[in-house]
Structure formats: C-alpha cells, structure tokens
Amino acid sequence: MKYYLTTPIYYVNAAPHIGHAYTTIVADLVKRFKRMQGYDAVLTTGSDEHGVNVERAALRTSKTPLEFCDVIAAEFQKEWKRLGLEIDCFQRTTSPQHARVVQDLFERCRKNGYIYKGSYTGQYCIYDNLYVNEAKPGDPCPDCGRPTETITEENFFFKLSAFQDRLLELYNQRFEFIQPETRRNEVIAFVKAGLSDLSITRTNVKWGIPVQGEAPHVFYVWFDALATYMSAVDGKGLWPADLHLIGKEIVRFHAIYWPAFLMAAGLELPKRIFAHGWLLFEESKMSKSRGNIVRPEPIRQVIGVDALRYFLLREVVFGQDGSFSYDALVGRYNSDLANGLGNLASRTLSMLDQYRGGLIPQGSDRAIAALAGQTIHAAEAAFGRFEFSRGLESVWGLISAVDKFIVQQAPWKLAKQPHAEAQLNTTLYTSAEALRIATALLYPVLPESALKIWAQLGIQEPLSSVCLADLHWGQLLTGQKIGQVSAVFPRIDPQPAIEKMRELEVAVTAEQNALLGKTQEPAGAPPPESPKITIDDFAKVDLRVGLVQSAEPVKGADKLLHLKVDIGEREPRTIVAGIAEAYKPEELLNRKVVIVANLQPRKLRGLTSNGMIVAASIEGGKPVLAAFLEDIPVGARLR
RNA sequence: GGCGGCGUAGCUCAGCUGGCUAGAGCGAGGGUCUCAUAAUCCCUAGGUCCGCGGUUCGAGUCCGCGCGCCGCCA
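What counts, and at which threshold
Residue numbering note: each chain is counted from 1, following its sequence as written. Written order decides the labels, with chains lettered from A and ligands numbered from 1. Thresholds applied to this predicted model are a pLDDT of at least 70 for local features of residues and 80 or more for the giving and counting of side-chain atom pairs; totals over whole chains, interfaces and linings are not thresholded and use all residues. The side-chain numbers reported here are obtained from all heavy atoms of the structure, hydrogens and water having been left aside. A pair of aromatic rings is counted whenever rings of Phe, Tyr or Trp (Trp by its six-membered ring) have centres within 6.5 Å, and the orientation is called stacked for planes under 30 degrees apart, edge-to-face for over 60 and tilted otherwise. Runs of H or I in DSSP of at least four residues are treated as helices and runs of E of at least two as strands, each being numbered from the N terminus. Burial classes: relative accessible area under 20% of the type maximum marks a residue as buried, over 50% as exposed, and values in between as partly exposed (1.4 Å probe, protein chains only). For each residue, the test is whether any non-hydrogen atom lies within 4 Å of the molecule or strand; if one does, the residue is near. Throughout this description, a polar contact denotes any pair of N or O atoms lying within 3.5 Å of each other; where both atoms belong to protein, one of them has to be capable of donating a hydrogen while the other can accept it, and for residues adjacent in sequence the pair is counted only when both atoms sit in side chains. Three classes are used: nonpolar for Ala, Val, Leu, Ile, Met, Phe, Trp, Tyr, Cys and Pro, charged for Asp, Glu, Lys and Arg, and polar for all others, with Gly counted as polar. A residue's pLDDT is the confidence the predictor assigns to it, expressed on a 0 to 100 scale. Two residues form a contact once any of their heavy atoms are found within 4.5 Å.

## Some thoughts on the packing of aromatic side chains
Stage number 1. Scanning the model with the defined rule gives 31 aromatic pairs in all.
Stage number 2. Relative to Phe223, the ring of Phe106 has its centre 6.1 Å away and its plane inclined at 80°; by these criteria the two rings are edge-to-face. In this pair, Phe106 is assigned in helix α4 (residues 96-111) and Phe223 in helix α7 (residues 222-225), connecting sequence segments 117 residues apart. Side by side, Phe106 and Phe223 carry an identical accessibility label, which is buried.
Stage number 3. Geometrically, the ring pair formed by Tyr116 and Phe157 is stacked, given 5.5 Å between the ring centres and 15° between the ring planes. Of this pair, Tyr116 sits in strand β4 (residues 115-125) while Phe157 sits in strand β6 (residues 149-158); the two residues are 41 residues apart in sequence, bridging distant segments of the chain.
Stage number 4. On the basis of relative accessible area, Tyr116 is assigned to the partly exposed category, the value being 30%.

## Let's talk about the protein's contact with RNA strand B
Stage number 1. Lining the immediate surroundings of RNA strand B are 28 residues, of which Glu186, Arg252, Gly342, Arg347 and Phe489 lie closest.
Stage number 2. Take the atoms of RNA strand B that sit within 4 Å of the protein: sugar and phosphate atoms are 76% of them.
Stage number 3. Gln354 has a polar side-chain atom sitting 3.3 Å from a sugar or linking oxygen of RNA strand B.
Stage number 4. A distance of 3.3 Å separates a sugar or linking oxygen of RNA strand B from a polar atom in the side chain of Tyr355.
Stage number 5. Of all the elements, helix α12 (residues 326-356) adds the most residues to the surface near RNA strand B, at 11 residues.
Stage number 6. Here the residues of the surface near RNA strand B sort into 9 nonpolar, 10 polar and 9 charged.

## Some thoughts on the confidence of the model for chain A
Stage number 1. The share of residues in chain A with pLDDT of 70 or more is 89%, and the mean pLDDT across the chain is 86.
Stage number 2. Every residue in residues 520-530 scores below 50 in pLDDT, and together they form 11 contacts with partners more than four places removed in sequence or on other chains.
Stage number 3. In the model output, the complex is listed with pTM 0.80 alongside ipTM 0.91.

## A few points about the environment of Lys271
Stage number 1. By secondary structure assignment, the location of Lys271 is in the loop between α9 (251-265) and β12 (273-276).
Stage number 2. Ignoring sequence-local partners within four residues, the contact set of Lys271 consists of Arg174, Glu176, Phe177, Pro240, Ala241 and Asp242.

Now the structure itself:
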C-alpha cells in the first residue's frame, strides 16, 4: 500500500527558516510513521521558482533567474539533507517535466470547457511592475507609495464559479478532506459566499511556464505551483496524494482551487489536506521586518535535530499556532530528553552492565508490560490522528512509569541481596524492554537518537524495519549482549547554549541574505541584540591605530589582501584582510586604520594573519574601514 | 460589519455525548535515594474553570447575553 504525502513547495524569495523546517519535519515524521504502519510512504517537497519577485531577486545578485533559483533551491536541498529528512523527490517548478504536467493540466481543463480568455483589470504599479491586489483606482502602491494605474490585461480564466456546488458536496461527503475543523469551516464559508473565476495567466511576466501556442501568456502562481504535487510523481502511479501538509495561510488554494482544477481536468482529488498553525517567536509573529526569523541550522549545531523535532512536535499542538523560544527549546530538551528518555536509557543500560555483565536477563513485570501494550496503541492512534503532542505524552507516561518502577524495585539493593536474583532479573528486563518499546515508538520523531538507543540495547534487527503491528512486549531477546553505553541526550547548560545559537543565527542569516542579494535589513528592523559585556570584557580587546605600509593581493583569493601594518611595534604586522572587493591595494597605502592587535593568529592561504582590520559591514554589502577625522599617532590604543 | 474559533493552576495544555471532591506535564518550594546525565522518586499549587443570567436533581461541560483575544471573509 502506498502513502503519498507532500509539503508545499517553498518560494525561493526566502532562504529556509524554521517555518519551512516545521512543515517538512512533520512530513518526514508522518512518512516514517506511515512506513512503520506498513505503507510504502513517499514524500515530496520542492521549490516554487517563477514570478516577478524571483526575476528581481536574480537581478539584484546579477544572475539569470534560473541561476538564482539554482542557488536557492540548492539551499533548501542542503537544509533538508542536514536535517536528515527523507525526501524522495525535490520538485522544482522550473523542471521541464513539471512544465509538461502544467500544460497538460491546462489542456485538459480547456478541453472540458473550463478555460476562457478574458480580461483582467486591476491596479498596477508601473514602477514596481506588479499588480496591487486589494487596491482600488487611485490607491497608492504599498511598496513604493506612488500612484497605481488601472490596467486591463488579456488573461486566461479558470471557471472556478462552476465548482461551487461540487466543492461543497466534496466537503460534505469527505469530512476529513480539510483538517483541522476550524479550517474546514472557513473554507465552507468562503465557498458558500460565492466563487469568482480565477485569472491564471499573465502576459507581463516573462519568468514563468508558457501557455503553449498562446505567447506571451505564462501561467500565474497557482496553476503552476499546485501542479507540482502531480509532476513530482509523474508516471509513478502515486497520484492521488494521500496527504497535503500545508500551513494555514494557503488553505484556500489547496482546499478550493486545487480540487476545482482537478475536477475540471477529470483527475483524482487528494485524500486529505491538513493545515498546521504558525510558529510564533516568543509570542510575536516571525517576520523579516522584525528580524526575528529563526533558522534551523544553529539549533541543529548546538543541540541537534532530534531536539528540534521533539520540541516542535511536543510543545506545539499540531494544527494550532505555537510559540518558539530558545528557552522553551532547551527546557524541553533538558526535562524530557535528558532527564527523561536519556536518563532512563543510561540508568537501565548501566545497571545491565554492572549487574549482569551486559547480558539481557529474563523476567517481566506484568503491570509495566500491560502499560507498554496500552502505550503502543495510544501512541499509534494519536500519531494517526496527527495529535503528535498527545502521542508523545503517552510515550512519556511509559517512561515515567518505568522510572517509578525502578525506584520501587531498587535494583541496587537487590544486587546486594543473595536471594533476589529473579527479582533483579525481572526489574532489569522490564526496564530494558520498556525502553525498547518507547524507542521504537519514538523512531519517527527522534530518528537519530532512537537509532543510538537501539544500538546500545544491542538489537540486531534494523529499527527502520520495525512494524507497529508487530511491536509487542517480550521481543527483547534474553541473553542478548548490549552495546557500548553513552549519553544520548547530554544535559546542557541553557545560557551558553542559547547564546551560541543566537550567535550562529546572526551568521547564518547574513550568509543567506548575501545569497538573496539583500544588502540590508528592511528599514525599521532592529539589529539583533548582542549579549551585554562588562568594561573588563571590552578591555580584553586590544584596538590600535595602525598605518598601512604595504598592500598586495593574495594569490588565488579574490577577497583577500595581504597587508603590512605598522602599529608602533618593532616590525609591522602581517594582516590578511577580506577587503579586496571594497578597496584596491594602492588606496590603502599610508592610510590609518584600526587593528585588533591581540587576536589569535590565523592562517589564511598560507599567510599567517596577526590581527584583524576593523571595518563596518552591512549584510551582503562591502566592508568600510574605520578611520579618524583628526590626526592620531600610530600605535595609539582605542579604549 | 458577517461567519468561525478560543478564554481552565505561574507557563503549555487535557477535560468526549452534563455527575469532578476540577486534572497532566513543565516551572517553584520541601524531602528521599544513589543504578543513572547535580538525573530519579515522594510531598506541596488551594485555580471566582472570562463575567452575568438561564435550562437541569446536578454545568468548565448545554442555551442566551456581555467582555477579551484570534482566524476567515467583506
């Protein structure tokens, strides 16, 4: 049995952030879970690469649109790879095979009489080259503030209005088609209010899929983007999709337009659409202008992918909005993963080592066995309903029951009593077996860590091939030798970890902005606040006035200059600086600059740099050297 | 303005078709044990279940009105 699920395809005007990661992680979880239920699960994601915004962004980075898309699509693919997500197909809307599917979808709709040529009238900003959707005649452009013009353009239209009744019937007959229910209500209300036809092509945009034989028409947004769900698995017999996972902001397109397109084309409809909520950052919406977009990479580096997965699935009620904060992330990690699961693994395995030479004994506690059985069912049922936080709660119920059980049995006392062999065996087997079951159940959520615990239990059967239907108490083999024991979730100190993540965050954001050709944050964005330092901290930095005595390019490095700088010492300092794109060597000769004199030496392209030159830098822009208006002697210290 | 949803312990949330003396996890305070990752385990929260009115033997749980948030639409 196949189970085909999708994430939305992400628009390449932004680099991957935690919101993208959230949807994709959930999709990966569902895929793994479905596989454990015995399905051949296939997961696709991709990138949405057409449109004016992409054309512009490409221009900013002096690339062709396709070159630009290549870069950003690669960023997404790299991110999913780093996060260990099992993506079967990454579909790009610029792939030729996708274009064929879009054109085919259009032709089918057209043949069935649901496409007509009409004219679209809207408010258009001739400076920004875009339609302002909500504007009335005379309204200014929200981007540049200049007046918009009323423009009429010939477009192809899709007869969405013809589908009102059929859509309502669909929602009525298939209750689970749109979930959660609140989204379903919204959609029904929207459709009941009446549907107007959709303009699905543009003639003033070049960067899009051409409508065959109808130049200069290209497909506009949804006809193009939604079709990836089919093109990604074209010819593989996987359509219709079993699940489209989406964010709540695109419910309308998925629950109304998409089924209408498919009905018009005479194609099968997806089985289910599930819309999740938004991730808020410490109560406020994440947005570029607030500068509070969280990236997954720093989190991965500091506490690992599984911690992020666990947090997102446990802390956020799936379907509702959730709040992300580094505090809560680390809190969950320490209390649930380190103290809970990790510690249970650690104490159980180390007792097996100490008291039984690392061999699994025989014996089993009935109460815990029964609870484990219940937990298997409860967790599977909850995951099946997309109630991930509930499913995890039930697994933690088992974990905490075993912790309690261990204290009651006090195996460390039993080990000292001559006649308690059997009871000790039972205690150890029960703990280890419960750990095995919890680990198997958690595999979809914590794939990396579950594999580690599995190996530490010494189980030979691959975890990825465990089937939930066959998971039962008592399958842990007596006599089995456990593996090497080590902490799976080492407890972490919150403050340094959070600081580290914040630091990395800034670096990652800067890199990504450079890729997107963004020279600076939009106006009004407060720069991310750095942690406060004391005057003593500052005093550690030895800043001095230096005079550039020589400057020359570094072979094989476009950005580097090799400088000799006099800072009042016997010999001039050798400093390698990444400023070649901003300054020519001759511009720097005899210029006074600010040097960090006590920076650890660092080797760059074979040269050892003894210090750093101070420059202001704008994200994605060129550095500007610090300088003085008054004359100042070489070697003077800045403080 | 119309429609939909929500408002329960410091925080995040459970409480289905009305019977609860109102629950869980986290956090906080106290104690215990020592196998374990300064982990575990035990005890401790006295919360007008947003307010008011109603239905009922009995209402976080149903109905009406009001207040406050949020979403969709206009």
